[in-house]
Number of protein chains: 2
Amino acid sequence: MHKRIDHIVVRVKNLEQSMRDYETKLGMKASKGPEELRHLGMRRAVFPIGDAGSFIELAEPLGDDGAIARSLAKQGEGLHLVALAVSDLKAAVAEMKANGARLIEAGSMVFVHPSEGHGVLYQLVERK
Amino acid sequence: MHKRIDHIVVRVKNLEQSMRDYETKLGMKASKGPEELRHLGMRRAVFPIGDAGSFIELAEPLGDDGAIARSLAKQGEGLHLVALAVSDLKAAVAEMKANGARLIEAGSMVFVHPSEGHGVLYQLVERK
């Protein structure tokens, strides 16, 4: 069902500072960012990993009431989610619901409740 | 420098229970485990993701004094680390040290201090 580990999202307090650390110390190169995603309440930068489309996303909250802001206040900087690529999101959702998994559907985004992932929030993303 | 997101390690309290959840609810299939890795103080199971060699590893502590046991006691279940594949580990280590990154070298294993990753513990693994 899952094609690859598509990306991870890392919550950060200061996008510019963390971009500098990922670029200089970790040796990565941003392909996007800083850019605002207002509908998600965040600013982000994207660091491609390899050639298959995987990436690391750094996300800083915009304001106090998005998912990133709430998690940052509660848990500090660190991993926010792991996104797994599926070729058919609708089919994956139907299969997981039939399996009894608790999903969180937010608009077109689908997450697996972190209790099912034993502390890891998984997102399912469709990639052809 | 980085070829792919190679694997993630998820700390769990009970390996058999979490394997059941990953297999039934998340729809994954273990390729290894349960197996003991005594030198790492853990029992684990491995779930391949896609065809490129990536996987999710579930890790339950063996005893109270390994890295998994300490993190589980402090932070509970959840993401333990994200492993990034590099083609030449020695070269990657030399480059990151030259960049001023704090690395944690434990035998043949190399980790990037989580302060550099802004809360994420990265491991570097060599994959040809």
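Thresholds, definitions, all that
- Residues numbered from 1 in each chain as written.
- Chains lettered and ligands numbered in written order.
- Predicted model: local features only at pLDDT ≥ 70, side-chain atom pairs only at ≥ 80, totals over all residues.
- Heavy atoms only, no water.
- Buried < 20%, exposed > 50% of the residue type's maximum accessible area, 1.4 Å probe, protein only.
- Helix = DSSP H or I, 4+ residues; strand = E, 2+ residues; numbered from the N terminus.
- Arc of directions from axis to C-beta.
- Contact = heavy atoms within 4.5 Å.
- Polar contact = N/O pair within 3.5 Å; in protein donor to acceptor, adjacent residues only side chain to side chain.
- Pairing = 2+ DSSP bridges.
- Axes fitted to C-alpha atoms, helices over the stretch in contact; angles between N-to-C directions.
- Least-squares fit on C-alpha atoms with pLDDT ≥ 70 in both.
- Phe/Tyr/Trp six-rings, centres within 6.5 Å; stacked < 30°, edge-to-face > 60°.
- Buried area = accessible area lost by both parts, 1.4 Å probe.
- Salt bridge = Lys/Arg side-chain N within 4 Å of Asp/Glu carboxyl O.

**Q** What am I meant to see in helix α1 (residues 15-24) of chain A here?
**A** Every α-helical turn comprises 3.6 residues, leaving residues that sit three or four positions apart pointing alike. For α1 of chain A, the complete set of buried residues consists of L15, S18, M19, D21 and Y22 of chain A. Buried residues of α1 of chain A, seen end-on, are gathered within an arc of 160 degrees and therefore sit on one face of the element. Here the buried face of α1 of chain A lies against β1 (2-11), β2 (32-37), β3 (42-48) and β4 (55-61) of chain A together with β8 (122-126) of chain B. The distance from a side-chain oxygen at the start of α1 of chain A to the backbone nitrogen of E16 of chain A is 3.1 Å, and the residue carrying that oxygen is N14 of chain A.

**Q** I would appreciate a short explanation of the sheet that holds strand β2 (residues 32-37) of chain B in the present structure.
**A** One key point about sheets: their strands pair by backbone hydrogen bonds, in either a parallel or an antiparallel sense. Residues and elements named next belong to chain B. Pairing is mixed across the open sheet formed by eight strands, whose spatial order is β2-β3-β4-β1-β5-β8-β7-β6. Since the sheet does not close on itself, it has two edges, and those belong to β2 and β6 (103-106), each with one partner. Strand-to-strand, the axes of this sheet are offset by a mean angle of 25 degrees, without reference to chain direction. Pairing analysis gives eight bridges linking strand β1 (residues 2-11) to strand β5 (residues 78-86), with the strands arranged antiparallel. Of the residues in β5, the one forming a bridge with V9 is L81.

**Q** I'm lost on the pairing of strand β6 (residues 103-106) of chain A in this one. Help?
**A** Every other side chain in a regular strand lies on the same face of the sheet, so the side chains alternate between the two faces. Residues and elements named next belong to chain A. Relative to strand β7 (residues 109-112), β6 runs antiparallel, the two sharing four bridges. Of the residues in β7, the one forming a bridge with I104 is F111. If you look at the hairpin formed by β6 and β7, you'll find two residues sitting between the two strands, and G107 has a positive phi there, around 65 degrees.

**Q** Hey, could you run me through the side chain of E60 of chain A in this one?
**A** Checked against the element boundaries, E60 of chain A lands in strand β4. Excluding its chain neighbours within four sequence positions, the residues that come into contact with E60 of chain A are V12, K13, N14, L15, E16, G41, M42, R43 and I68 of chain A.

**Q** What am I meant to see in the relation of the copies chain A and chain B here?
**A** Think of it as a corkscrew move, a rotation about one axis and a shift along it, taking one chain copy to the other. With an axial shift of 0.0 Å and an RMSD of 0.0 Å, the rotation relating chain A to chain B amounts to 180 degrees. Taken together, the rotation and translation relating the two chain copies correspond to the operation of a two-fold axis. Of the residues that chain A buries at the interface, 100% are likewise interface residues in chain B, meaning the two copies contact each other through the same surface.

**Q** I keep staring at the packing of aromatic side chains and nothing clicks. Help me out?
**A** Per the stated rule, a full pass over the model turns up four aromatic pairs over all chains. Aromatic side chains Y22 of chain A and Y122 of chain B sit 6.0 Å apart centroid to centroid with 85 degrees between the ring planes, which places their arrangement in the edge-to-face category. Here the residue Y22 of chain A occupies a position in helix α1, and Y122 of chain B occupies one in strand β8, the pair thus bridging two chains. Grouped by ring-pair contacts, the aromatic residues Y22 and F47 of chain A together with Y122 of chain B constitute a single cluster.

**Q** I would appreciate a short explanation of the sheet that holds β2 of chain A in the present structure.
**A** All names here are of chain A. Strand order in the open sheet made by the eight strands is β2-β3-β4-β1-β5-β8-β7-β6, with mixed pairing throughout. Each of the sheet's edge strands pairs with one partner strand only, and the pair in question is β2 and β6. When the angles between neighbouring strand axes are averaged without regard to direction, this sheet yields 25 degrees. Bridge count between β1 and β4: five bridges; the pairing is parallel. Residue pairing across strands places I8 opposite I56, the latter belonging to β4.

**Q** What's the story with the interface of chain A and chain B in this structure? I'm lost.
**A** Taken together, the contact between chain A and chain B spans 41 residues of the former and 41 residues of the latter. Carbon and sulfur atoms supply 63% of the area buried between chain A and chain B, which totals about 3000 Å² over both sides. When residues of chain A are sorted by the area they lose upon contact with chain B, I5, K25 and H118 of chain A head the list and together hold 24% of the total. One can count two salt bridges joining chain A with chain B.

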